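# Summary of the model geometry
Read off the chains here:
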Amino acid sequence: GANGGERWAMVSRWLCALTTGLVLSCSHALVCTNLTLSSSQDQRVVIQFQRTSQEVFILQTLPDMGALYEQVFAQGRGVVQGDKIGSTPFTVNSYNALYYRPYPKLFSAAGEPLSTFYYRSFLVPSSGPAELSEQCWVKIIVTASNNLPFSGGAGQCLKFDGADDHVYTPVQDFPESAITVSMWIKTLGTRRKGQVPLSFISFTGTEFEIRDLDNVRVVRGNNVTEGAGFSVNDGQWHQLGVTWDLSGNVQLFIDGRLVHKTSLPIGPPIAFSGDLI
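Here the structure is a predicted model, which means the values were calculated and not measured. (Residues numbered from 1 in each chain as written. Predicted model: local features only at pLDDT ≥ 70, side-chain atom pairs only at ≥ 80, totals over all residues. Heavy atoms only, no water.)

### Describing the sheet that holds strand S18 (residues 238-245)
An order of S13-S18-S19-S20 is seen for the 4 strands of this open sheet, with the pairing classed as antiparallel. Whereas interior strands pair on both sides, the edge strands pair on one side only; in this sheet they are strand S13 (178-185) and strand S20 (257-263). Shown here is a sheet whose adjacent strand axes are inclined to one another by a mean of 15°, direction ignored. (Pairing = 2+ DSSP bridges. Helix = DSSP H or I, 4+ residues; strand = E, 2+ residues; numbered from the N terminus. Axes fitted to C-alpha atoms, helices over the stretch in contact; angles between N-to-C directions.)

The following block contains the structure:
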């Protein structure tokens, strides 16, 4: 909903804000309406600005907790999350939409906003002087997610059958020059060899993969490390950690201990966009 008590005169425009599948607020008036949006942990909020051809929306500040991203079009994928917005003032592109993501995975206290940022509307009419609105705010309240697993959360787990169960998600901002992966894993007794607990692929093929729970290996493209000689395929809980950087350095951690160092050929960077499985 929006706080209608604090408004400033400005040009006529539509401003809608929504979360995936749910319209939260939409107003059309000769005033700028401050907005308060509701979301939940790890849920991306879409802020959609609908304007005339003469109107532009300009960010004045960035969120104090969380990050804003452009909305862009990717061939074959449609409208997706683009680059992170790193500085202001920033003019919203022709899609007139931004994505907000909570970061780190925090939530609001007692209904207070987790994050606030400010924008202005700028009108360049076909005739007459340009007009600039007063500064307006968008506040986002992020509620805790306690009943389902989510990225960055704890206390839950996913169970796979070891045959064809998997989780798949498209990613638009995967680390390119260095990565650390940490996961808790427990096999239900000894499972078949060669299983892949994590893989990131792009249109060119395998970008990064952790393979073989009996003899853990790391894969980049066509390059595979030698087996580490360590197994997490024994029916017990283990914390498995892997690091890689652009120089090809690879480290393996099991239950908090560095147990193996190896290397892959230098580069290239990991594609920032692809599918995480």
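Picking up where we left off.
### Observations concerning unusual backbone geometry
Glycine aside, residues mostly have negative phi angles, and peptide bonds mostly take the trans form. Following Thr-88, the chain continues into Pro-89 via a peptide bond in cis, with omega recorded as 0°. Of note in this structure, Asp-212 is not a glycine but carries a positive phi near 70°. Looking at the secondary structure, you find Asp-212 in the loop between strand S15 (205-211) and strand S16 (217-220). Classification of Asp-212 by relative accessible area gives buried; the value is 12%. Positioned with a positive phi, Asp-255 is a non-glycine residue whose angle comes to about 55°. Of the residues examined, Asp-255 reaches a relative accessible area of 39% and is grouped as partly exposed. (Buried < 20%, exposed > 50% of the residue type's maximum accessible area, 1.4 Å probe, protein only.)

### With respect to the packing of aromatic side chains
For the coordinates displayed, the defined rule picks out 2 aromatic pairs. Aromatic pair Phe-57 and Tyr-119: ring centres 6.5 Å apart, planes at 55°, arrangement tilted. Of the two residues, Phe-57 is situated in strand S4 (residues 55-59) and Tyr-119 in strand S9 (residues 115-123); the sequence distance between them amounts to 62 residues. Take Phe-57 and Tyr-119: they sit in the same class, and that class is buried. A ring pair is formed by Phe-174 and Phe-200, whose centres lie 3.8 Å apart and whose planes are at 5°; its orientation type is stacked. Taken together, the residues span a long stretch of sequence, with Phe-174 in the loop between strand S12 (169-171) and S13 and Phe-200 in strand S14 (residues 198-202) at a distance of 26 residues. Taking relative accessible area as the criterion, Phe-174 reaches 9% and is therefore assigned buried. Geometry around Trp-137 places Lys-139 over its ring, the cationic atom sitting 4.3 Å from the centre. (Phe/Tyr/Trp six-rings, centres within 6.5 Å; stacked < 30°, edge-to-face > 60°. Lys NZ or Arg CZ within 6 Å of the ring centre and 35° of its normal.)

### Concerning the environment of Gly-241
Residue placement: Gly-241 occurs in strand S18. Each C-alpha atom of the pair Gly-241 and Gly-256 lies 7.9 Å from the other, and the pair is 15 residues apart in sequence. If near-sequence neighbours (up to four positions away) are discounted, Gly-241 is found in contact with Val-181, Ser-182, Gln-251, Leu-252 and Phe-253. (Contact = heavy atoms within 4.5 Å.)

### Observations regarding a nonpolar patch on the surface
A grouping of Phe-73, Val-79 and Tyr-95 is seen on the molecular surface, where their side chains present a nonpolar patch of about 270 Å² in accessible area. The class of Val-79 is partly exposed, set by a relative accessible area of 40%. (Patch = residues over 30% accessible without salt bridge, like charges linked within 9 Å, V, L, I, M, F, W, Y side chains within 5 Å. Areas by Shrake-Rupley, 256 points an atom, 1.4 Å probe, with all protein chains shown as cover. Salt bridge = Lys/Arg side-chain N within 4 Å of Asp/Glu carboxyl O.)

### Remarks on the sheet that holds strand S21 (residues 274-276)
Strand order in the open sheet formed by 6 strands is S12-S21-S14-S15-S16-S17, and the pairing between neighbours is antiparallel. With partners counted over all chains shown, the strands left at the sheet margins are S12 and strand S17 (223-224), one partner each. With 3 bridges connecting them, S12 and S21 associate as antiparallel partners. Looking at the pairing, Pro-170 lines up with Asp-275 of S21.

### Comments concerning the pattern of salt bridges
Per the counting criterion, the structure on display carries 3 salt bridges. The shortest N-O distance in the salt bridge between Arg-217 and Asp-212 comes to 3.8 Å.

### Looking at the confidence of the model for the protein
Looking at the protein, the pLDDT average stands at 77 and 77% of residues meet or exceed 70. Across residues 1-30, confidence stays below pLDDT 50; counting only partners more than four residues off in sequence or on other chains, it has 96 contacts. (pLDDT = per-residue confidence, 0-100.)

### Examining the nonpolar core
The biggest cluster of nonpolar side chains holds 24 residues, and the ones touching the most others in it are Phe-208, Ile-210, Leu-240 and Leu-252. Only S13, S14, S15, S18 and strand S19 (249-254) provide two or more residues apiece to this core. For this core, the element with the most residues is S13, which contributes 4 residues. Residues in contact with Ile-210, not counting those within four places in the same chain, are Val-181, Met-183, Gln-195, Val-196, Pro-197, Leu-198, Val-216, Arg-217, Leu-240 and Val-242. Residues Phe-49, Ile-85, Tyr-100 and Val-138 belong to the second largest nonpolar core, which totals 20 residues. (Core = buried A, V, L, I, M, F, W, Y, C linked by side-chain atoms within 4.5 Å.)

### Focus on the side chain of Glu-70
Assignment of secondary structure puts Glu-70 in strand S5 (residues 67-74). Look at Glu-70 and you get buried, because its relative accessible area is 18%. When sequence neighbours within four positions are dropped, the list of residues in contact with Glu-70 reads Val-80, Gln-81, Gly-82, Asp-83, Ile-85, Phe-90, Asn-93, Ala-97, Leu-98 and Tyr-99.

### Topic: the environment of Pro-125
Note that Pro-125 resides in the loop between S9 and strand S10 (131-132). A residue is classified by how much of its surface remains accessible, and Pro-125, at 21% relative accessible area, is partly exposed. Distance in space between the C-alpha atoms of Pro-125 and Glu-55 is 8.1 Å, their sequence separation being 70 residues. Those residues within four positions of Pro-125 in sequence are excluded, and the remaining contacts are Gln-54 and Ala-130.

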